[in-house]
Amino acid sequence: MTQSPAVRAAGRSGPVRIGERAARTLVTELARMNDPKAALLVGAAPESAVLAAAIDALLPGDTLTLVPAGATGPGALREHVTAQGRWVADRVRVVDTLAEAEPAAVVIVGEPFTGTADETRSAVEGLAKHLTDGAVLSVATTATPGRTAGAATELDRQGALYGVGADLVLRNTPPLRVYRLRFTPADAASAARLAPAHRPSSVPLTRGMHIDSNGVAAAGITLGLAALARLARPKSKLWLLPAVAAAPVAAFFRDPERDVPEDPSAVVAAADGQVLSVQRLHDERFGEGEWLRIAVFLSVLDVHVNRAPVAGKVIDYFVADGGFANAMKPAAEHNVAAYTVLDTAHGTVVVAQRTGLIARRIVQRAPIGALLARGERFGLIRFGSRTDVYLPADAAEPLVGPGDKVVGGSTVIARWR
């Protein structure tokens, strides 16, 4: 059996373990597609967490083609597939080499790239030939410096050119960075058929409650300060201040699961908070015509994770400079703001993440070219702030008014006409 370039580039420096969390991140694009689709897993092994995650993600009508990993023979892989039962065996096909595989809507590499930059580039180019129009290639490399610097450098370059998402999975040994690459444009309308993507940046605490990774880091820093204070002044009680503050700091970054309405005409809130204003206005930055803007104020007690109000494709992202006025004041119109522009089936939709008096940090995780499902997490704002949603005024009818409380991802703030 001849190994594919992808398998050779992945296994160059020895095996790297991919755990369940990293595997779930690798198969995100497969898991979120609700339409029947063809998927291709390169570097599959019987006991691989990636193979298990890919099989779990299959829906009726899906097909999955497997190319064996370097140390795995196709016979052993076929036996493993057969042992999974008739339902799996009918949908999963094993081929000897990558050359035998048909183009797919999702291509996943089941082993992290650990080769040189040239080997990685050659492997990615070879895999790109097996992508259908608008398809996604999902690959990973170790996030630790040193032994995989060549692969990481090349995948960073590919990500800058073709990336539609990247995730750092710290809860893996070693930590991994997962890249999602799209080499041909995707249809914006296809976003309406996607489920929200799995995000490893959201750390689960319970089935319904997560903490954003920013909160884990902030709480860790706070506890570190408490430990240093205890060491520096063991007789003082000052260490209790940062220690007690760790819990509320982490709670600020809470990220609960939300039930997203299935109504295709619904526009949901981009954040939790209180509606400040609902108005019609003109803004030439987003195009001609009138816009319906729904502004929501987030207090420090609200959930600050931002969600896509509609399904669409990110076609632009820019940051406007400004001040840091109280987000509830009219002067907040001129605060620093990050604008995510979406192309949707109903026209252009814009989400503005505005800073406030305390909020000075905006996180946006959806690069240009990414597809967002309605209600999907795409960023957050640290501390009290404001989130605005701009809709084409002639295409949307508002369903909320000033003073109303809304829940991000769940509350219907407008409806398409």
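All of these numbers come straight from a predicted model, not from anything done at the bench.

Quick notes on the rules
Residues numbered from 1 in each chain as written. Predicted model: local features only at pLDDT ≥ 70, side-chain atom pairs only at ≥ 80, totals over all residues. Heavy atoms only, no water. Domains from an automatic or database assignment. Axes fitted to C-alpha atoms, helices over the stretch in contact; angles between N-to-C directions. Helix = DSSP H or I, 4+ residues; strand = E, 2+ residues; numbered from the N terminus. Parallel < 35°, antiparallel > 145°, perpendicular 65-115°, else oblique. Left-handed = near helix turned anticlockwise from the far one by under 90°. Contact = heavy atoms within 4.5 Å. Patch = residues over 30% accessible without salt bridge, like charges linked within 9 Å, V, L, I, M, F, W, Y side chains within 5 Å. Areas by Shrake-Rupley, 256 points an atom, 1.4 Å probe, with all protein chains shown as cover. Salt bridge = Lys/Arg side-chain N within 4 Å of Asp/Glu carboxyl O. Buried < 20%, exposed > 50% of the residue type's maximum accessible area, 1.4 Å probe, protein only. Polar contact = N/O pair within 3.5 Å; in protein donor to acceptor, adjacent residues only side chain to side chain. Pairing = 2+ DSSP bridges. Phe/Tyr/Trp six-rings, centres within 6.5 Å; stacked < 30°, edge-to-face > 60°. Lys NZ or Arg CZ within 6 Å of the ring centre and 35° of its normal. Arc of directions from axis to C-beta.

Before going further, it helps to spend a moment on the domain arrangement of the protein. The domain boundaries assigned to the protein delineate domain 1 (20–185), domain 2 (209–254) and domain 3 (263–416). A separation of 38 Å is found between the C-alpha centroids of domain 1 and domain 2.

Time to look at the packing of helix α7 (residues 117–128) against helix α8 (residues 149–162). One way to put it is that α7 packs onto α8 with a least axis distance of 7 Å and a crossing angle of 45°. Taken together, the axis directions place α7 and α8 in an arrangement best described as oblique. Seen from above, α7 lies across α8 with right-handed handedness. Of the residues in α8, those in contact with A117, T120, R121 and V124 of α7 are G150, A151, E154, L155, R157 and Q158.

A surface patch of nonpolar side chains, amounting to about 460 Å² of accessible area, comprises I221, L225, L228 and L231. As for its placement among the helices and strands, L231 is situated in helix α9 (residues 213–232). Judged by its relative accessible area of 69%, L231 falls in the exposed class.

A separate point is the environment of R285. Note on placement: R285 falls in the loop between β12 (273–282) and β13 (290–298). Owing to a relative accessible area of 43%, R285 belongs among the partly exposed residues under this scheme. R285 has contacts with F318, A320, Y339 and Y390, leaving out every residue within four places of it along the chain. A polar contact of 2.7 Å, which involves the side chain of R285, links it to the side chain of D283. Among the polar contacts listed, one links the side chain of R285 to the side chain of Y339, at a separation of 3.3 Å.

As a further point, take the sheet that holds strand β11 (residues 266–268). Strands sit in the order β11-β24-β22 across an open sheet of 3 strands; the sheet is antiparallel. Edge strands, defined here as strands with exactly one partner in the open sheet, are β11 and β22 (396–398). Pairs of neighbouring strands in the sheet enclose a mean axial angle of 30°, with direction left out of account. Summarising the sheet, β22 and strand β24 (residues 412–416) pair through 3 bridges and their orientation is antiparallel. Across the sheet, E397 pairs through a bridge with R415, a residue of β24.

This paragraph deals with the packing of aromatic side chains. Using the criterion set out here, one finds 7 aromatic pairs in the structure. Seen in terms of ring centroids, Y162 and F183 are 4.7 Å apart; in terms of plane orientation they differ by 50°. Their pairing is tilted. In this pair, Y162 sits in helix α8 while F183 sits in the loop between β7 (176–181) and β8 (202–204), placing the two residues 21 residues apart along the sequence. Taking the centre distance of 5.0 Å and the plane angle of 65° together, the rings of F286 and Y390 count as edge-to-face. In this pair, F286 sits in the loop between β12 and β13 while Y390 sits in strand β21 (residues 385–392), placing the two residues 104 residues apart along the sequence. The pair F286 / Y390 is uniform in exposure class, with both members buried. Taken together through their ring pairs, the aromatic side chains of F286, W291, F318, Y339 and Y390 make up a single cluster. The side chain of R91 reaches across the aromatic face of W87, ending 3.9 Å from its centre. The residue whose ring lies beneath R285 is Y339, and the NZ or CZ to ring-centre distance is 4.5 Å.

Taken together, the buried positions of helix α5 (residues 74–83) are P74, L77, H80 and V81. The buried side chains of α5 occupy one side of the element, clustering within an arc of 120° when seen end-on. Along α5, exposed side chains directed more than 90 degrees from the buried face belong to E79, T82 and A83. Looking at the buried positions of α5, the neighbouring elements they touch are β1 (38–44), α4 (49–57), β2 (63–68), α6 (86–89) and β3 (92–94). Phi turns positive one or two residues past the end of α5, at G85, with a value near 110°.

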